[in-house]
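Understanding the architecture of this molecule
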Amino acid sequence: MQTLRQAKIGDTVRVKKLHGEGGVKRRIMDMGITKGTEVYIRKAAPLGDPIEITVRGYELSIRKEDAEMIEVE
């Protein structure tokens, strides 16, 4: 299982499954990250947190702990 956190900068991945519960999962889905969505990893902050991604045509910063809940392929 590969997560969004493990994806390398410059990769384009497809969301396979969302883990997590309740409000956290809902917040991730509200940001447009749903099953089957393509995500491009743009860059990471100097200390690695947050990760900057492009999803559905807009830029988004996501925390490492949230990225860990997103399974990709």
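As shown above, the structure is provided for reference.
Residues numbered from 1 in each chain as written. Predicted model: local features only at pLDDT ≥ 70, side-chain atom pairs only at ≥ 80, totals over all residues. Heavy atoms only, no water.

Considering the overall build of the protein
This is how the line gets drawn: Only DSSP runs of H or I with at least four residues qualify as helices, and only runs of E with at least two residues qualify as strands; both kinds are numbered from the N terminus onward. Both definitions apply: the radius of gyration is a C-alpha atom measure, and the globule rule equals 2.2 Å times residues to the power 0.38.
What the protein contains, in helices and strands, is two helices and six strands. Reading the protein from its N end, one meets helices and strands in the order β-β-α-β-β-β-α-β. Computed over C-alpha atoms, the radius of gyration of the protein comes to 11 Å, within 12% of the 11 Å expected from 2.2 N^0.38 for 73 residues, which places it in the range of a compact globule. Along the first, second and third principal axes, the C-alpha set of the protein runs to 30 × 25 × 20 Å.

A few points about unusual backbone geometry
Peptide bonds are, in most cases, trans, and in most cases residues other than glycine have a negative phi. Not every positive phi belongs to a glycine, and arginine 56 is a case in point at roughly 55 degrees. Relative to the assigned elements, arginine 56 resides in the loop between strand 4 (51–55) and strand 5 (58–62).

Let's talk about the sheet that holds strand 3 (residues 38–44)
Our working rule: Any two strands with at least two DSSP bridges between them are considered paired.
If you trace the six strands from one edge of the open sheet to the other, you get 1-6-2-3-4-5, paired in antiparallel fashion. Where the open sheet ends on each side, the last strands, each with one partner, are strand 1 (2–3) and strand 5. Inspection of the sheet shows strand 2 (residues 12–18) paired to strand 6 (residues 70–72) by three bridges, in the antiparallel sense. Of the residues in strand 6, the one forming a bridge with lysine 17 is glutamate 71.

A closer look at the side chain of glutamate 52
What counts here: Any N or O atom pair separated by 3.5 Å or less is treated as a polar contact, with the protein-specific requirement of one donor-capable and one acceptor-capable atom, and with residues adjacent in sequence counted only for side-chain atom pairs. Here, two residues are considered to be in contact whenever any of their heavy atoms come within 4.5 Å of each other.
Structurally, glutamate 52 can be placed in strand 4. Within the structure, glutamate 52 has its side chain in polar contact with the side chain of arginine 42 (distance 2.2 Å). Not counting chain neighbours up to four residues away, the residues in contact with glutamate 52 comprise Tyr40, Ile41, Arg42, Lys43, Glu59, Leu60 and Ser61.

Remarks on the pairing of strand 3
Taken together, the three bridges between strand 2 and strand 3 define a ladder with antiparallel strand orientation. Bridged to threonine 12 within strand 3 is tyrosine 40. Where strand 3 and strand 4 come together, five bridges link them in antiparallel fashion. By the bridge assignment, tyrosine 40 is partnered in strand 4 with threonine 54. The antiparallel pairing of strand 3 with strand 4 creates a hairpin that spans six residues between the two strands, and glycine 48 there sits at a positive phi of about 90 degrees.

Note that all results are geometric; they support no functional claim without further evidence.
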